[in-house]
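Chain by chain, the residues:
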Amino acid sequence: MKHTVVAMVEDRPGVLTRVASLFRRRGFNIDSLAVGTTEEQGISRMTIVVDGDDGIVQQVEHQLNKLIDVVKVSDLTGEDTVTRELVLLKVRCGAINRRGVLDIVEIFRAQVIDLSPTSLIIQVVAEEDRLDALVENLRPYGVMEMVRTGRVAMTRGEQTAAVHEEEPDELQRFHTESGRRPEGELPFTSK
Amino acid sequence: MRLSGADIVLECLKRIGVDTLFGYPGGVVLPLYDRMPAHPEIHHVLVRHEQGGGHAADGYARASGRLGVALATSGPGATNLVTAIQNAMMDSVPTLFITGNVARELLGKDGFQEADATGIIMPAVKHNYLVMRADDLAYTFAEAAHIAQTGRPGPVHIDIPKDVFLEEAEFTWPEEVSIRGYDVPGAGDDELVRDAAAIIDDAERPLIIAGHGIILGRAWDELVAFAEKIGTPVLNTLLGLGSIPADHALSYGMLGMHGSYEANIAASTADVVIALGNRMDDRAMGRFADFNREAKVIHVDIDASEHNKNIPATVAIVGDVKQVLPQLTAAVQTGAHAEWVREVDTLRDEHTDSMAVPSGPELSVQHIVTRISELSPEATVVTGVGQHQMWAAQQMTFTRPHQLITSGGLGTMGFEVPAAMGAQAALPGQRVWSICGDGGFQMTLHELATLLDEQLPVKMAIMNNGFLGMVRQWQELFYADNYVSVSMSQPDFVKLAEAYGIKGLRVTDIESVDAAIKEANDHPGPVLVDFQVEAEGNVWPMVPAGASLAETIETPDEVTA
Ligand SMILES: Cc1ncc(C[n+]2csc(CCOP(=O)(O)OP(=O)(O)O)c2C)c(N)n1
Ligand SMILES: [Mg+2]
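Rules and cut-offs
- Residues numbered from 1 in each chain as written.
- Chains lettered and ligands numbered in written order.
- Predicted model: local features only at pLDDT ≥ 70, side-chain atom pairs only at ≥ 80, totals over all residues.
- Heavy atoms only, no water.
- Helix = DSSP H or I, 4+ residues; strand = E, 2+ residues; numbered from the N terminus.
- Rg over C-alpha atoms; globule rule 2.2 N^0.38 Å.
- Buried < 20%, exposed > 50% of the residue type's maximum accessible area, 1.4 Å probe, protein only.
- Contact = heavy atoms within 4.5 Å.
- Areas by Shrake-Rupley, 256 points an atom, 1.4 Å probe, with all protein chains shown as cover.
- Lys, Arg positive; Asp, Glu negative; His and termini not counted.
- Charge placed at Lys NZ, Arg CZ, Asp CG, Glu CD.
- Near = heavy atom within 4 Å.
- Polar contact = N/O pair within 3.5 Å; in protein donor to acceptor, adjacent residues only side chain to side chain.
- Nonpolar A, V, L, I, M, F, W, Y, C, P; charged D, E, K, R; others polar.
- Pairing = 2+ DSSP bridges.
- Axes fitted to C-alpha atoms, helices over the stretch in contact; angles between N-to-C directions.
- Core = buried A, V, L, I, M, F, W, Y, C linked by side-chain atoms within 4.5 Å.
- Domains from an automatic or database assignment.
- Donors = N, O, S within 2.8 Å, 3.2 Å for Na, K, Ca; no water.
- Phe/Tyr/Trp six-rings, centres within 6.5 Å; stacked < 30°, edge-to-face > 60°.
- Expected span 1.5 Å × (residues − 1).
- Arc of directions from axis to C-beta.

(A) Representation of the overall build of chain B. Per the secondary structure count, chain B includes 22 helices and 20 strands. Taken against the 2.2 N^0.38 rule, which gives 24 Å for 561 residues, the C-alpha radius of gyration of chain B at 24 Å falls within 12% of a compact globule. By principal-axis analysis of the C-alpha atoms, chain B measures approximately 70 × 60 × 40 Å. Every one of the 561 residues in chain B was classed for burial, and the buried ones make up 63%. Excluding contacts between residues fewer than 6 apart, the proportion of contacts in chain B whose partners are at least 24 apart in sequence is 76%. Counting every atom, chain B has about 19900 Å² of accessible surface; 50% of that belongs to carbon and sulfur. Between the centroid of the 36 positive side chains of chain B and the centroid of its 74 negative side chains there is a distance of 4 Å.

Written out as structure tokens, the structure reads:
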């Protein structure tokens, strides 16, 4: 079964390697991994879709928690969540068949964001099932390129997966000013 | 106070309480070496190979319970440390590994002696750092020492580019560290403790399996109090030996691949297994799927990821054994399981043959280690990996924690000499015996030179069977006597010792064993004894790889593979 695991991590060099290496070494299967910043400075959010039974996912959570740079782990599976993924699709499409493609775009509430005489780019934000259906419908026209961001998720209502424990100011300053969160001038940055 | 990065590193080590540093110099750490004379409180031991330095730090930490520290240069220095780091990782030893790296502007440029030490070592440590500013050194060291020594201890690595040692920064030692992604578990959940106590109170055949966590958590007294209150036998994992004195009435020795018959059968027939501070590893528990399926399992460990990893737990308590054991002791009823204890005693009495010390005339490892144990009962014992290790674990009497120092998880041949060196450095004036394999000894024997330099009076007993004995045993038993690459010609170990300026003794018959041990004990410096033991002795009992503990075999006739 697929689980959506959210890991709130320190935004430090190497944190992605640590997480990726853990999954490889323990043989956990990642379906998708999406990383980005959060409302909290210095914290990134990793949304990881893991395939495995409850025991495996429990191991994933425990192993992630052991990483010092991982601040909090939540399994959103079974929670009431909003789940989304963004896809860009470049479809082969000229004047003759454009109408057909646009019909599909409309039905799926997708958007055309780029147009050329022979192709167009479609953007859609949705749950995976709908994305899969969209891709299936566009295939006959010729999908030239596709990129998917991987799943992101958030629980509905008041509850959050966020980190509430703020770093003390002094540490915050230390971490931000220090080489641990370099601005990108060095080879080991996470951004 | 403004200091150079190098001075800050050495100041930090002093604040942490480090007095000994096992290291090896090289280009990028020269700025650090340059400043060592200004910090005489830290004694630098020049080892002969970085792996030796790493194992020495490990042995130092295991013997003393304090942080062990090793230092190496970039590139080959760092990669030479890797075996020792992984060894400390597998056995949860509080250690700090410091490597230099190329200057910041050269990082990632494949310059001379650049290795991605941070990347290579990352999966082999509890945590690691690449420090990019001298300003960050103090906090990083404080955090590293905290992480290495708290919770489930382990190795931490700090990689420092050469020019960071030279950069100046303001030095202030952080009195506290706060890491929001790092919690140190303490007491166990009360409700779970009650659940566990109810199961224990109902048990008819409860059994304790005490592991390394008891020693790491300094909970040996709490273990004995708990065991005595419920009146159950206590088994040890290899690394748990010494957590309950071997001469305690409830101590039943080691279980596992070469555990005693009664221990393995007791573990397979208990109705409640109480695993304390151990990770239920395959060498201890046998085939997981068939480990005592009837038993309820109570698993107490500080590392939640060990729960249900290998063996499902009925009750899993996350916590520090030092705190959880008193909680459990208070919650359980006083018990005595006389009938069950008698049953295990009977098993022991009826199955003495497989672990009996051969009476001669051939010189056996079992006899030698027994005599070392009897003639130096206080000694700290370090071993290599192989048959001699298992015989030492089976036959020697461990009456206190930190008495046995052995490579359990990684099974690293070559651990015996450098780890004993580190242990001796931590225990001046105390006796350290290293039980060496003739194979393993040759992997790191270069540290003989360090022993002499440092006047560390380690007593080394080479169990010279002319074989990679444990591998030979497997080839004999499971590969139809097809010996491939297990027989070794040996150097003259006595001459070798003498070449290093170390006293060498040779023993070829059983009558001379005691005299040699006494002579070694009486000699003030390091001694190497070449015990020429029988070539093809086998360690019994044995749980064949992949079998369950219930399938423990006691003689070669039972081998079916
Ligand atoms: C570094 C390393 N390489 C290989 C092994 C595999 N191995 C396990 S025991 C053993 C034989 C050890 O021989 P020796 O040190 O002579 O001890 P003995 O078994 O003869 O007592 C070997 C090769 C190992 N444990 N460690
Ligand atoms: Mg040998």
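(B) Layout of the overall build of chain A. Check the secondary structure of chain A and you find 5 helices and 9 strands. Listing the helices and strands of chain A from first to last along the sequence gives β-α-β-β-α-β-β-α-β-β-α-β-β-α. The buried share of chain A, taken over its 191 residues, is 44%. Look at the contacts in chain A between residues 6 or more apart in sequence, and 75% of them connect residues 24 or more apart. A total accessible area of about 10200 Å² is found for chain A, and carbon and sulfur atoms account for 50% of it.

(C) Just the site of ligand 1, in detail. All names here are of chain B. Surveying the vicinity of ligand 1 reveals 17 residues, the closest of which are H388, G411, D438, G440 and G469. Contacts to ligand 1 include G440, whose backbone N or O atom sits 2.8 Å from an oxygen atom. Separating an oxygen atom of ligand 1 from a side-chain N or O atom of N465 is a distance of 2.9 Å. When ligand 1 sits alone it has 590 Å² of accessible area, and the protein chains cover 76% of it. The set of elements that each furnish at least two residues to the shell around ligand 1 consists of α16 (387-395), α18 (438-441) and α20 (469-478). Of the residues contributing to the shell around ligand 1, the split by class is 7 nonpolar, 9 polar and 1 charged.

(D) Expanded view of the sheet that holds strand β4 (residues 70-75) of chain A. Residues and elements named next belong to chain A. Taken in spatial order, the 4 strands make up an open sheet running β2-β3-β1-β4, and their pairing is antiparallel. The two strands at the open ends of the sheet, each matched to only one other strand, are β2 (29-37) and β4. Ignoring which end each strand starts from, the neighbouring axes of this sheet average 20 degrees apart. Pairing between β2 and strand β3 (residues 43-51): 8 bridges, direction antiparallel. When the bridges of β3 are listed, A34 appears paired with T47. In the packing of helix α1 (residues 15-26) onto the sheet, contacts are made with β1 (2-10), β2, β3 and β4, and the angle to β3 comes to roughly 15 degrees. Its contacts with the sheet place helix α2 (residues 54-66) against β1, β3 and β4, and it is angled at close to 165 degrees to β4.

(E) Highlighting the nonpolar core. Residue and element names in this part refer to chain B. Of all hydrophobic cores here, the largest spans 44 residues; its most connected members are V382, F441, L451, M460 and L528. Element by element, the count of residues in this core is highest for helix α17 (residues 416-426), at 6 residues. Looking at which domains feed residues into this core, each of domain 1 (2-170) and domain 3 (360-540) gives three or more. Membership of the second largest hydrophobic core comes to 43 residues, among which are L3, L10, L21 and I179.

(F) Structural context of the domain arrangement of chain A. By the assigned domains, chain A splits into domain 1 (2-79 + 159-178) and domain 2 (81-148). With centres defined by C-alpha atoms, the gap from domain 1 of chain A to domain 2 of chain A works out at 31 Å.

(G) Examining unusual backbone geometry more closely. Residue and element names in this part refer to chain B. Put simply, G360 and P361 share a cis peptide bond, and its omega is 0 degrees. Inspection of the secondary structure assignment puts P361 in the loop between α14 (338-350) and α15 (365-375). Going from W540 to P541, the amide bond is cis rather than trans, its omega being -5 degrees. In this structure, P541 sits in the segment after β20 (527-532). Notably, Q455 is not glycine yet its phi reads approximately 55 degrees, a positive angle. Tracing the backbone through its elements, the reader meets Q455 in the loop between α19 (447-454) and β18 (459-464). By relative accessible area, Q455 is classed as exposed at 53%. The phi dihedral of D481 falls on the positive side, at around 60 degrees, and the residue is not glycine.

(H) View of the coordination of the magnesium ion (ligand 2). All names here are of chain B. For the magnesium ion (ligand 2), the full set of protein donor atoms is D438 (OD), N465 (OD1) and F467 (O), at a range of 2.0 to 2.2 Å. Taken in chain order, the donor set of the magnesium ion (ligand 2) reads D-x26-N-x1-F. Placement of the pair is D438 in helix α18 and N465 in the loop between β18 and α20, with a sequence separation of 27 residues. For D438, a relative accessible area of 2% gives the class buried. Classification of N465 as buried rests on a relative accessible area of 11%.

(I) Layout of the packing of aromatic side chains. All names here are of chain B. Evaluated as defined, the whole model comprises 5 aromatic pairs over all chains. Arranged with centres 6.1 Å apart and planes meeting at 70 degrees, the rings of F22 and Y60 form a pair that is edge-to-face. Of the two residues, F22 sits in strand β2 (residues 20-23) while Y60 sits in helix α3 (residues 50-64), which places them 38 residues apart along the sequence. The same class applies to F22 and to Y60, which are both buried. Relative to F478, the ring of W474 has its centre 6.0 Å away and its plane inclined at 75 degrees; by these criteria the two rings are edge-to-face. With W474 and F478 both in helix α20 and 4 residues apart, this pair spans about one turn of that helix.

(J) Just helix α8 (residues 190-202) of chain B, in detail. Residues and elements named next belong to chain B. Between the first and last C-alpha of α8 there are 18 Å, a value that for 13 residues agrees with the 18 Å anticipated at 1.5 Å per step. Within α8, the full set of buried residues consists of V193, A196, A197, I199 and I200. Viewed along the axis of α8, the buried residues span an arc of 160 degrees, placing them on a single side of the element. What points out from α8, more than 90 degrees from its buried face, is the exposed set E191, R194 and D202. Those residues of α8 hidden inside the fold are in contact with α10 (220-230), β12 (272-276), β13 (296-301), β14 (315-318) and α13 (321-331).

(K) Representation of the sheet that holds strand β11 (residues 251-254) of chain B in the model. Residue and element names in this part refer to chain B. If you walk across this open sheet you meet the 6 strands as β11-β10-β9-β12-β13-β14, and the pairing is parallel. This sheet does not close on itself; its edge strands, each paired only once, are β11 and β14. In this sheet, adjacent strand axes meet at a mean angle of 15 degrees when their direction is disregarded. Note: strand β9 (residues 206-210) against strand β10 (residues 234-236), 3 bridges, orientation parallel. The partner of I209 across the bridge, within β10, is L235. On top of the sheet, α10 reaches β9, β10 and β12; it is set at about 170 degrees to β9, its chief contact.

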